[in-house]
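An overview of the molecular structure
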Amino acid sequence: MATDTRAPSHSPAPPADRPPPPLLRLQQVAKLFSSADGHSQVAVLDELDLEIHSGEVVALLGRSGSGKSTVLRLMAGLLGASEGQIEREGQPLRGLNRDVAIVFQSFALLPWLTVLQNTAVGLEARGLPEREVRQRAMRALAMVGLEGSAEAYPRELSGGMRQRVGFARAFVMEPALLLMDEPFSALDVLTAENLRRDIDELWARGNFPARSIVIVTHSIEEAVLLSDRVVLLSANPGRVRGIVPNPLPRPRDDTHPDFRALVNELYGYMTDPDRPVGPAAPPPEAGPAPLSLALPPASLGRICDLLELVPEQDGISLAELADELVLELDELLPIIDAGELLALMEVDDAHLRLTAEGQTLLAADEDGRQELLRRQLLAHVPLAGELQRALEASDRGEVDRDVVLDRLGEEYTRIEAEAMFDTFVSWVRSCGLFRYSREQERFRSTGGDGEKEGGG
Amino acid sequence: MKSTVLVPAGAPEGRLTLRSLAVDLSLLLAGLFLVVLIANLGSQMAVSFHPSARQAGLDLAPIHLPYYAARSLLRMFIGLAISLLIGVSVGSLTARSAVAERLLLPVVDVLQSVPVLGFLAVIVPFFLGLFPGNALGLEAASIFAIVTGQVWNLIFCYHQSLATIPGELLEAAGVYGFSGWQRFTRLELPSSAIPLVWNGMVSFAGGWFFATQSEAISVDNASYILPGLGSYVASAIALQRMDSVLWALLTMLVLIVLTDQLFWRPIVAWSERFRFDSGTAAQPAGSWLLELLQQSRALAWLGGRLERMSAPLRRRLNRWTAAGRQERLRGRRREAPRWLDALVLVLGGLLLVPALAHSLRQLGSLEILRVVGCALLTLGRVAAVVGASTWLFLPLAVTIGLRPKLASLLQPLMLMLASIPANLLFPFFTVVFLLSGTPLTLGCVLLMAMGAQWYVLFNTTAGASAIPNDLREMALVFHLRGRQRWRRFLMPALFSSWVTGAVTASGAAWNASIVAELVTWGHHRLSTPGLGSYIAEATASGDKPRLLLGLVVMSLLVVGFNRMLWRPLHRLAERRYGH
């Protein structure tokens, strides 16, 4: 987007001979966290390359587990990279990045400070004179339309107005780079739409108080509406799958055919993790096989509910489905992933179809469904098979919780492992494959009668 | 963008009226009175004093009671201020450094289980030596006793509040370059304000017991008296003056109501602004005094003036403590090495074991049997206190707690009852025991319960009133009755709050045993074998080896029960019976 016509007032004049270094450059960056058993490292991000230039809006789009927010925190210097290098205008970034401001998902306002004090907090930290602090903060509040509420406390404001304070607090710093971490996702649909438009307008007007924006989002429409480039991240570990340029003229109209076409293209990428992105897509590498034990956080009940909604013969397009269900992609994808894992449905080119097993399941009665789900679980979820063998090998027909949790802990961080363990328990319980007691922390076989255990 | 105008929540901008003038004038007078009073009381603290000279008892004329009460109260407030200061400094140290956390928190945990009263024997001579020939030494010892009664609690409270600051707020503080001063005054202190205030209030109530008890003590066969409510009662007991005891009790009640209305209520109401979750305060606490203060034009003017005057100072503080460029977020701190645990144990052992061995060599090993026997007796009494107060108060708590109106009426009353230091009530019971010939072996259970029972009642009442409304309606609709209602509905619902109450109650009962197993009325002296009387006698006669042995055994018992019984119960309560 070097051809951008906007000339932000404080951007340095580029030297004539060579292009200026990018605002921020991430080179072969990896972020590792230790796995739950502490023996190994789990990569959240790996071999990540990304450049942010002056004057552009970049959207980071990825499913949960792609480490989008981690990228943002690396850029801010809130986290340090485990490997690779991050450069700020050609200089290695060490410690906190003083050129950035963040707008947080949860607003992160201090409830005991007034709107004005919240806005001014970053200027105060610099030890500026009180009069100047106040003037600049009031100007920032005016930009977001809150100058009348300067003396109010955040609790007196609606969610949308609170996030406006979050923006004002960032604007007042006049950061080179404004980072936004899902800034609209804690707001209701209407408010989010409104605020999104306002930010877009401010940017289009040309005197935006930051040179560039990076926005993390899981909403495809939001990415298309705001960005000049959409960076698609793969999950587990997160790396750049590809970059989709967004040349749509501003202001953007979300009903325009070009807009819809771009949205649909991105839907295709998001729902098919193996599909190469863009014309200059990297060759599909053999890559690491998807981790064998991964369990998407969706209940079996939700999967069955979704199956009911898919037309048996033709399937349904995912964009249509998401629209119909009023579900965020973030909520829909785990259910689909789980359905695919159990071989009940398959996704091809953003189109969802039932498999033969899926159709059998729909036709079956309650007992038949459970029977089928048990079979699918044993066949397609490695952890279920392993547990089955362990139970058969045990004298008392019991297996401790820790055995299963440790197995997950070999490949995932503690938090991930615990989440997957909970999913696993809910799956085996709801189809009656095994019994599990939370008090004794033990798995037991059901003795074949499929009797379910309540409680917990 | 649209702009929305809200009513500013700033300073009052009322006009000058007769009423506002009256408010300002009365506040001014009250302020002047307070300053003069404190100056006067403070100068009284440093009078000369000779331990050798025989001290007369206090003048028991009721007219002197306000003065004695004020002396006690001043000690309480100094103690509270010191406790807060220590709590905040040690709490932020442990929250910042993993090493400090590993080293200090276990020590604090043990120290909070150690019976404070037993320490007076060690403290008093030390502080007397610090201020020779001056009563300040005694004052310091008394304040020290108050501090040791509440400081541990506040350390944990502050540490815990810092640990639960939302992650995105910490990140915001990093990204927006908060200076150290801003971090402290804008993030850390406000985040912990509400827990600190509530903890301080409860600790303050508990502190009266130590304040009154430490004003008149016998150490090393010498008795020391500091003017105050506790020493007034002690003198009344020595002279068998029941009327004076009653006067003291009345003064105590007035004092409790006054501190509640003039100090805690306004602070609690004011601290509401530091709540994280917006707008969902159960019942916004009101305070007439706070409203009055907020109406005052003079105070608003003074506040604005101070704020403007201090602006350059704050700016300088921000510069001095500016966040370094290299500063990383203190999100995930590095783990402290595990061997620090062992270090704490070894150091503790190195301190204790030789001293214990020395004591045992002096006393003979059979003394251990005696101590353990005493400990078992007191343990039985503590169990009886917790059991009996549960059995008596659980039905009462349910009756009150399930009726919101009754609860809101009685809960403040219960907190006040809980604030009455039990030792002020002892003389009445002692006289009854003497007249009826009740053996203290049983009677002292009642005495210990006087201080401890309220925690059970108070916590379970709060638990009962916190039962969600739909659960209550369910119990009614499905006709849960009698045993089934208790087993399936009330007991699980109240379990968590009962555990909290019972832990506190048993701690209070252990502490109370030191004063409850040995009581006097004039020349009558009632005593019963137990760990409490063992420690009390060793204190009075300056028997250091026995004192050490008794203290160590009691601390071990309290710590042991906390670890083996209460903590697992607490975890169970959280896991299974959390709402």
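Reading the values: rules and limits
- Residues numbered from 1 in each chain as written.
- Chains lettered and ligands numbered in written order.
- Predicted model: local features only at pLDDT ≥ 70, side-chain atom pairs only at ≥ 80, totals over all residues.
- Helix = DSSP H or I, 4+ residues; strand = E, 2+ residues; numbered from the N terminus.
- Buried ≥ 20, exposed ≤ 12 C-beta atoms within 10 Å, placed from the backbone.
- Contact = placed C-beta atoms within 7 Å.
- Pairing = 2+ DSSP bridges.
- Axes fitted to C-alpha atoms, helices over the stretch in contact; angles between N-to-C directions.
- Parallel < 35°, antiparallel > 145°, perpendicular 65-115°, else oblique.
- Left-handed = near helix turned anticlockwise from the far one by under 90°.
- Nonpolar A, V, L, I, M, F, W, Y, C, P; charged D, E, K, R; others polar.
- Core = buried A, V, L, I, M, F, W, Y, C linked by C-beta atoms within 7 Å.
- Expected span 1.5 Å × (residues − 1).
- pLDDT = per-residue confidence, 0-100.
- Domains from an automatic or database assignment.

1. Structural notes on the overall build of chain B
Looking only at helices and strands, chain B has 20 helices and four strands in total. Scored against the burial criterion, the 579 residues of chain B give a buried share of 36%. Long-range pairs, those at least 24 residues apart, make up 80% of the contacts in chain B with a sequence separation of at least 6.

2. Comments concerning the pairing of strand β15 (residues 434-437) of chain A
Consecutive residues of a regular strand have side chains that alternate between opposite faces of the sheet. Residues and elements named next belong to chain A. Alternating residues of β15 divide into Phe434 and Tyr436, all buried, and Arg435 and Ser437, none buried. Here β15 runs beside strand β16 (residues 442-445); their pairing, made up of four bridges, is antiparallel. Directly across from Arg435, in β16, lies its bridge partner Arg444. Hairpin connection from β15 to β16: four residues lie between these consecutive antiparallel strands, with Glu441 at a positive phi of about 55 degrees.

3. Side note on the packing of helix α14 (residues 404-419) of chain B against helix α16 (residues 440-465) of chain B
Residue and element names in this part refer to chain B. Contact pair α14 / α16: the axes reach a minimum separation of 10 Å and the direction vectors enclose 155 degrees. Classified by the angle their axes make, α14 and α16 are roughly antiparallel. The handedness of the crossing between α14 and α16 is left-handed. Judged by residue contacts, Pro404, Ala407, Gln411, Met414, Leu415, Leu417 and Ala418 of α14 engage Trp454, Leu457, Phe458, Thr461 and Ser465 from α16. Broken down by class, the residue content of the contact of α14 with α16 amounts to nine nonpolar, three polar and no charged.

4. What to know about unusual backbone geometry
For residues that are not glycine, phi is negative in most cases, and the peptide bond is trans in most cases. Going from A:Arg250 to A:Pro251, the amide bond is cis rather than trans, its omega being -5 degrees. Within the secondary structure, A:Pro251 is located in the loop between β10 (240-245) and α7 (257-271). The backbone of A:Glu174 sits at a positive phi, close to 45 degrees, despite the residue not being glycine. Within the secondary structure, A:Glu174 sits in the loop between α4 (159-171) and β7 (177-181). Classification of A:Glu174 by C-beta neighbours within 10 Å gives partly exposed; the count is 18. Of note in this structure, B:His479 is not a glycine but carries a positive phi near 50 degrees. Residue placement: B:His479 occurs in the loop between α17 (469-477) and α18 (482-516). Among the residues examined, B:His479 registers 8 C-beta atoms within 10 Å and is labelled exposed.

5. Describing the environment of B:Arg102
When you line up the elements, B:Arg102 lands in helix α3 (residues 98-111). Residues B:Arg102 and B:Asn318, 216 residues apart in the sequence, show an inter-C-alpha distance of 31 Å.

6. Examining the nonpolar core
A:Leu61, A:Ala168, A:Leu177, A:Leu179, A:Val214, A:Val231 and A:Leu266 are the most contacted members of the largest nonpolar core, which has 138 residues in total. Non-local contacts of A:Leu179, meaning those with residues more than four positions away in its chain, are made with A:Leu72, A:Met75, A:Ala76, A:Val100, A:Ile102 and A:Val214. Judged by nonpolar contacts, the second largest core, of 118 residues, contains B:Leu226, B:Phe426, B:Trp454 and B:Tyr534.

7. Considerations on helix α1 (residues 18-45) of chain B
Taking 1.5 Å per residue, 28 residues should reach 40 Å; α1(B) reaches 41 Å between its end C-alpha atoms and fits that length. Of all the 28 residues making up α1(B), zero are buried; the element is thus mostly uncovered.

8. Let's talk about the confidence of the model for chain B
When pLDDT is low, close inspection of the predicted coordinates is not appropriate. Averaged over chain B, the pLDDT score is 84; the fraction of residues at 70 or greater is 92%. In the predicted structure, residues 328-332 of chain B sits below a pLDDT of 50 and forms eight contacts with residues beyond four places in sequence or in another chain.

9. What to know about the domain arrangement of chain B
Residue and element names in this part refer to chain B. Considered domain by domain, chain B is made up of domain 1 (55-276 + 286-305) and domain 2 (351-579). The straight-line distance from the C-alpha centre of domain 1 to that of domain 2 is 22 Å. At the junction of the two partners, domain 1 supplies 31 residues and domain 2 supplies 32 residues. Elements with a contribution of two residues or more to the side of domain 1 that touches domain 2: α4 (116-130), α7 (180-213), β1 (216-219), α8 (229-238) and α9 (242-271). For the side of domain 1 that touches domain 2, the leading source of residues is α9, giving eight residues.

10. What to know about the sheet that holds strand β1 (residues 24-34) of chain A
Residue and element names in this part refer to chain A. Ordered in space as β2-β1-β4-β5, the four strands form an open sheet in which the pairing is antiparallel. Where the open sheet ends on each side, the last strands, each with one partner, are β2 (41-52) and β5 (91-92). Bridging between β1 and β2 involves eight bridges; their strand directions are antiparallel. The residue bridging Val29 from the neighbouring strand is Leu48, located in β2.

11. Here we look at the sheet that holds strand β9 (residues 229-233) of chain A
Residues and elements named next belong to chain A. On the basis of which strands lie adjacent, the open sheet formed by six strands has the order β6-β7-β8-β3-β9-β10 and mixed pairing. Since the sheet does not close on itself, it has two edges, and those belong to β6 (100-103) and β10, each with one partner. The average undirected angle you get between the axes of adjacent strands in this sheet is 20 degrees. Bridge count for β6 against β7 is four bridges, and the pairing is parallel. Counterpart to Val100 in the pairing with β7 is Leu177.

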